[in-house]
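So the chains spell out like this:
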Amino acid sequence: MSENIERRRFLKSAGMCSLILTPLAGCSVKEDADSAHKPHYVMVFDQNKCVGCGDCKTACNQANNLPAGVSRVILEQQSGRVEGQACPHCGKMVCDCERKFVRVSCQQCKNAPCVTVCPTGAAHRDAKTGIVTMDASKCAGCKYCIGACPYNARLINNNTDVADNCDFCLHSKLSKGELPACVQSCKYDALIFGDANDPQSYVSKLLAVKDSVRIKPQFGTEPSLRYIPIVKLGV
Amino acid sequence: MDTSMDFTLGLSQGVAWPWPIAVYLFFAGISGGALTIALALRFYLGQVENTAFLKAATLLSFVTISLGMLCLVLDLTNPLFFWRILVFYNLNSVMSIGVIALSVYIPLVAVVALLALEKELMAIPQLKFLAPIIAKLKGFRRPMEALALVLALSVCAYTGFLISALIRFPLINTSVLPALFIASGLSAGGASAKMLAVWLFKEPLHSGEMKILHGAEWPIMFAEAMFIFMIATALLTGNAGGQFAFAAFHEGVWASVFWIGVVGIGFAAPLLLNFATGKHFSHSAKAFYMSGMCAVVGMMCLRLFILLAGQNYAI
Ligand code: SF4
Ligand code: SF4
């Protein structure tokens, strides 16, 4: 093992220790004392706007070269309706009753169990952006992260035989200064992406005025995906 | 507002850790349990000779942990990537810490077994070349055995910590799991080493050492049952997620594995064999092997139940 890695590990654990000790000492330290601005990338999924077209999924698969049958993002359709059966509301075989969709993908936890459990550090937080991503060359394929992710939002990419997750297109688009592929492809503006730590960003402004929810916040993982649910009046 | 949206689909199908991992947990438990009992007994009685039980336990310990490693490697998505776990470390990860412990434990078990089986190995002419190595290692025997004892216990416990870090599964995500895995490892490891000692190393069925081991069995088994009971009550009286996972105990195929395998074969059968049969039978070799096998089967069922039923009841 190179000395460089050792050094990095030492710095990392030193950082970890200070993170653990800081609240105990009862003092707050500015996390980003050295760097001017630490982004916190968030994505907002607006259920009111999503029509379930699946363009986001197609765009993601293309941008990230995912093999057939594997996706980092899917849509769950939620209604009383079972495919191939008549709608429980209107009785028709094809209808738009009560249909809503939920984006299923890595929630980009601030306190990510997948990163904690990964024995090799393959599942890690990108130093610059804070985005949870993969170093495929380190992953041993032990699937610990898959069991540990409370959202079942990780997968095995059978092209590479290693674990994978939605990382906001960190390597495919963000690094080129583009928005994530799904956000670009959404014709209905159901996906909004940006830096929540920047008060001038559109997401910050949106989150300031809109009620949004997070999925299963009780796990304490502090997900960075926000959802704006359909709220029906008078139901 | 917080609970007004949820999804139930997942991006990976099936369970993350299938049955080979349960087999690994089983082998690691047997290995750690058998060695812990043998070395604890050795220190407790101040033994210096190589007893049949020590020989059996060290041999068993080495063979089972090696088989366990095989299961672990074969379960990787690509077994050829195994070296990555050995090269890259993340000290926040229980698995990484386990790898460090195992990479000391496995060679140490090999050495401890080598010393315990000295006479047997030296009887094989092809192995004569080991003689100088054994002679050198002998000087460090005590400290190596002490370290092996600590590591054997850690290996038992670590398998519990390893899976209890999976927060999505209430049956698995409990703090009692490491203790349960130690207790069941000790009971099954002890039982299998006893059987091996009698069968392979011709230990008399009613020797003094065997008597002590028989005596230790019941309290360990009682502790094991207590821990299972604690997990079950914690789920039943816990929050909605816990109550949902409690169903593992009374519905589906895993409930049968639990009641037939863990409770029936693992606990009830040895009790019946020992206390509900005549003295003549309960002291026979047949009863000895039967109750030993029951303990081993019961432990395998327990690992299967915890790992697979546990993963089936995700919140
Ligand atoms: S949702 Fe799962 S994969 Fe994504 S950061 Fe959280 S734990 Fe990791
Ligand atoms: S499968 Fe890969 S990324 Fe996931 S925990 Fe194992 S080594 Fe880490």
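Look above for the structure.
In this text, all values refer to a predicted model and were calculated from it rather than measured experimentally. Every chain begins its residue count from 1, and numbering advances along the sequence as written. Just so you know, chain letters begin at A and ligand numbers begin at 1, following the order they were written in. Restriction of local features to residues with pLDDT of at least 70 applies here, the model being predicted, together with a cutoff of 80 or more for giving and counting side-chain atom pairs; totals for whole chains, interfaces and linings are based on all residues. Where side-chain values are given, they derive from all heavy atoms of the structure, hydrogens and water being excluded.

Colleague: Help me understand the interface of chain A and chain B in this model?
Modeller: Working rule for contacts: check all heavy atoms of both residues, and any pair within 4.5 Å makes them a contact. Each side of the interface is counted separately: chain A has 58 residues, and chain B has 38 residues. Summing both sides of the interface, chain A and chain B together bury roughly 4,100 Å²; the carbon and sulfur share of this comes to 62%. By convention in these notes, a salt bridge is any Lys or Arg side-chain nitrogen within 4 Å of a carboxyl oxygen on Asp or Glu. Applying the counting rule to chain A against chain B returns 1 salt bridge. Of the charged contacts, one joins K143 of chain A and D75 of chain B as a salt bridge, the two residues approaching to 3.5 Å between their closest N and O atoms. Polar contact is the term for a pair of N or O atoms within 3.5 Å; when the atoms are in protein, one must be able to donate a hydrogen and the other to accept it, and sequence-neighboring residues count only if both atoms are side-chain atoms. Linking chain A to chain B there are 22 residue pairs in polar contact (both at pLDDT 80 or more). Contributing elements (two or more residues each) for the side of chain A that touches chain B: α1 (3–25), β2 (73–78), β3 (100–105), α3 (113–117), α4 (144–148), β6 (155–157) and β9 (225–228) of chain A. A per-element tally of the side of chain A that touches chain B places β2 of chain A first, with 5 residues. When grouped by side-chain class, the residues that make up the side of chain A that touches chain B number 33 nonpolar, 14 polar and 11 charged. Values labelled buried area give the accessible surface lost by two parts on being combined, using a 1.4 Å probe and summing over both. For the purposes of this entry, the term helix denotes a DSSP run of H or I that reaches at least four residues, the term strand denotes a run of E that reaches at least two, and both are numbered from the N terminus. Residues are grouped as follows: Ala, Val, Leu, Ile, Met, Phe, Trp, Tyr, Cys and Pro are nonpolar; Asp, Glu, Lys and Arg are charged; every other residue, Gly included, is polar.

Colleague: I'm lost on the nonpolar core in this one. Help?
Modeller: Note that soluble globular proteins tend to have their nonpolar side chains buried in a common cluster. Within this scheme, the nonpolar core is defined by two criteria: the residues are buried Ala, Val, Leu, Ile, Met, Phe, Trp, Tyr or Cys, and they are joined through side-chain atoms within 4.5 Å. Burial status follows relative accessibility: with a 1.4 Å probe on protein chains alone, a residue under 20% of its type maximum counts as buried, one over 50% as exposed, and anything between as partly exposed. By size, the foremost hydrophobic cluster in this structure holds 108 residues, and its most contacted members are W17, F53, L102, Y105, I163, F305 and I306 of chain B. With 15 residues, the single largest contributor to this core is helix α1 (residues 19–45) of chain B. When sequence neighbours within four positions are dropped, the list of residues in contact with I163 of chain B reads W17, L25, I172, L177, F181, I306 and L307 of chain B. C145, F193 and V213 of chain A together with M5 of chain B belong to the second-largest nonpolar core, a separate cluster that totals 50 residues.

Colleague: For this particular structure, what's the right way to read a nonpolar patch on the surface?
Modeller: Residues and elements named next belong to chain B. For patch building, the residue pool is restricted to those with more than 30% relative accessible area and no salt bridge; the joining distance is 9 Å between like charges and 5 Å between nonpolar side chains (Val, Leu, Ile, Met, Phe, Trp, Tyr). The Shrake-Rupley method, run with a 1.4 Å probe sphere, supplies the accessible areas, and residue values consider only the shown protein chains as cover. Taken together, F62, V63, L67, L70 and L74 make up a surface patch of nonpolar side chains, about 440 Å² in accessible area. Within the secondary structure, L74 is located in helix α2 (residues 52–74). Note on L74: relative accessible area 59%, which makes it exposed.

Colleague: Please clarify how the packing of aromatic side chains should be interpreted in this entry.
Modeller: Geometrically, a pair of aromatic rings is defined through the distance of the ring centres and the angle of the planes. Residues and elements named next belong to chain B. Two aromatic rings from Phe, Tyr or Trp, using only the six-membered ring of Trp, form a pair when their centres are within 6.5 Å; if the ring planes differ by under 30 degrees the pair is stacked, by over 60 it is edge-to-face, and anything between is tilted. Under the counting rule described, the total for this entry stands at 16 aromatic pairs over all chains. Ring centres of W218 and F275 lie 5.1 Å apart, and the angle between their planes is 50°; on these two criteria the pair is classed as tilted. Taken together, the residues W218 in helix α9 (residues 208–236) and F275 in helix α11 (residues 252–275) connect sequence positions 57 residues apart. Overall, W218 belongs to the partly exposed group, its relative accessible area being 23%. Given the relative accessible area of 56%, F275 is considered exposed. Between F258 and F305, the ring centres sit 4.8 Å apart and the planes meet at 40°, which makes this aromatic pair tilted. Separated by 47 residues along the polypeptide, F258 in helix α11 and F305 in helix α13 (residues 285–312) bring together distant segments of the chain. Considered together, F258 and F305 belong to a single accessibility category, that of buried residues. Through a chain of ring-to-ring contacts, three or more aromatic side chains come together here, namely F246, F249, F258, W259 and F305. Throughout this description, the term charge over a ring refers to an Arg CZ or Lys NZ atom that lies within 6 Å of the ring centre and within 35 degrees of the ring normal. Against the face of F81 rests R84, its NZ or CZ located 4.0 Å from the ring centre. Across from the ring centre of F181, 3.9 Å away, lies the NZ or CZ of R303, which sits over that ring.

Colleague: When you look at the sheet that holds β9 of chain A in this model, what are you seeing that I'm missing?
Modeller: The strands making up a sheet associate through backbone hydrogen bonding, with each pair oriented either parallel or antiparallel. Residues and elements named next belong to chain A. Any two strands are treated as partners once DSSP identifies two or more bridges connecting them. Strand order across the open sheet formed by 3 strands is β8-β1-β9, with mixed pairing between neighbours. In this open sheet, the two edge strands, each paired with only one partner strand, are β8 (191–195) and β9. Shown here is a sheet whose adjacent strand axes are inclined to one another by a mean of 20°, direction ignored. Pairing geometry for strand β1 (residues 41–46) and β9, over 4 bridges, is parallel. Bridging across to β9, V44 finds its partner in R226. Fitted lines through C-alpha atoms serve as axes, helices being fitted only where they are in contact, and the angles separating the N-to-C directions of these axes extend from 0 to 180 degrees. Sitting on the sheet, helix α6 (residues 202–209) touches β1, β8 and β9, and the angle it makes with β8 is about 115°.

Colleague: Help me understand the site of ligand 1 in this model?
Modeller: The cutoff for a nearby residue is simple: one of its non-hydrogen atoms must lie within 4 Å of the molecule or strand. Close to ligand 1 lie C106, Q107, Q108, C109, A112, P113, C114, V132, C149, P150, Y151 and R154 of chain A, which account for all nearby residues. Residues belonging to the shell around ligand 1 are distributed by class as follows: 9 nonpolar, 2 polar and 1 charged.

Colleague: Help me out: how do you make sense of the site of ligand 2 in this one?
Modeller: In the neighbourhood of ligand 2, 15 residues make up the surrounding shell, with C118, C139, C142, K143 and C145 of chain A lying closest. Of the residues that constitute the shell around ligand 2, the class distribution is 11 nonpolar, 2 polar and 2 charged.

Colleague: Looking at this structure, I do not really get the packing of α9 of chain B against α11 of chain B. What am I missing?
Modeller: Packed helices, taken two at a time, are described by the angle between their axes plus the distance between the axes. Residues and elements named next belong to chain B. At a minimum axis separation of 12 Å, α9 and α11 run at an interaxial angle of 155°. By the angle class used here, α9 and α11 are roughly antiparallel. For the pair α9 and α11, the crossing hand works out as left-handed. Mapping the contact onto sequence places W218, M221, E224, A225 and I228 in α9 and F258, V262, G266, F267, P270, L271, N274 and F275 in α11. Should an angle fall under 35 degrees it is called roughly parallel, over 145 degrees roughly antiparallel, and 65 to 115 degrees roughly perpendicular, with every other angle called oblique. Whether a crossing is left-handed or right-handed is set by the direction in which the near helix is turned from the far one by less than a right angle, anticlockwise for left-handed and clockwise for right-handed.

Colleague: Help me understand the packing of α1 of chain B against helix α7 (residues 141–164) of chain B in this model?
Modeller: Residues and elements named next belong to chain B. Following both chains from N to C, one finds α1 and α7 inclined at 145°, their axes separated by 8 Å at the closest point. The handedness of the crossing between α1 and α7 is left-handed. Residues of the contact of α1 with α7, tallied by class, amount to 16 nonpolar, 5 polar and 4 charged.

Colleague: Help me understand the environment of R84 of chain B, please; the structure alone is not making it clear to me.
Modeller: Tracing the sequence through the fold places R84 of chain B in helix α3 (residues 83–87). Accessibility expressed as a relative area gives 10% for R84 of chain B, which makes it buried. Distance in space between the C-alpha atoms of R84 of chain B and V112 of chain B is 28 Å, their sequence separation being 28 residues. At 3.0 Å, the side chain of R84 of chain B forms a polar contact with the backbone oxygen of S137 of chain A.

Colleague: For this particular structure, what's the right way to read the side chain of K143 of chain A?
Modeller: Relative to the elements of secondary structure, K143 of chain A occurs in the loop between β5 (132–134) and α4. Here the side chain of K143 of chain A touches D75 of chain B through a polar contact of 3.1 Å, landing on its backbone oxygen. When neighbours within four sequence positions are excluded, K143 of chain A is seen to be in contact with I156 of chain A together with A16, W17, P18, D75 and T77 of chain B.

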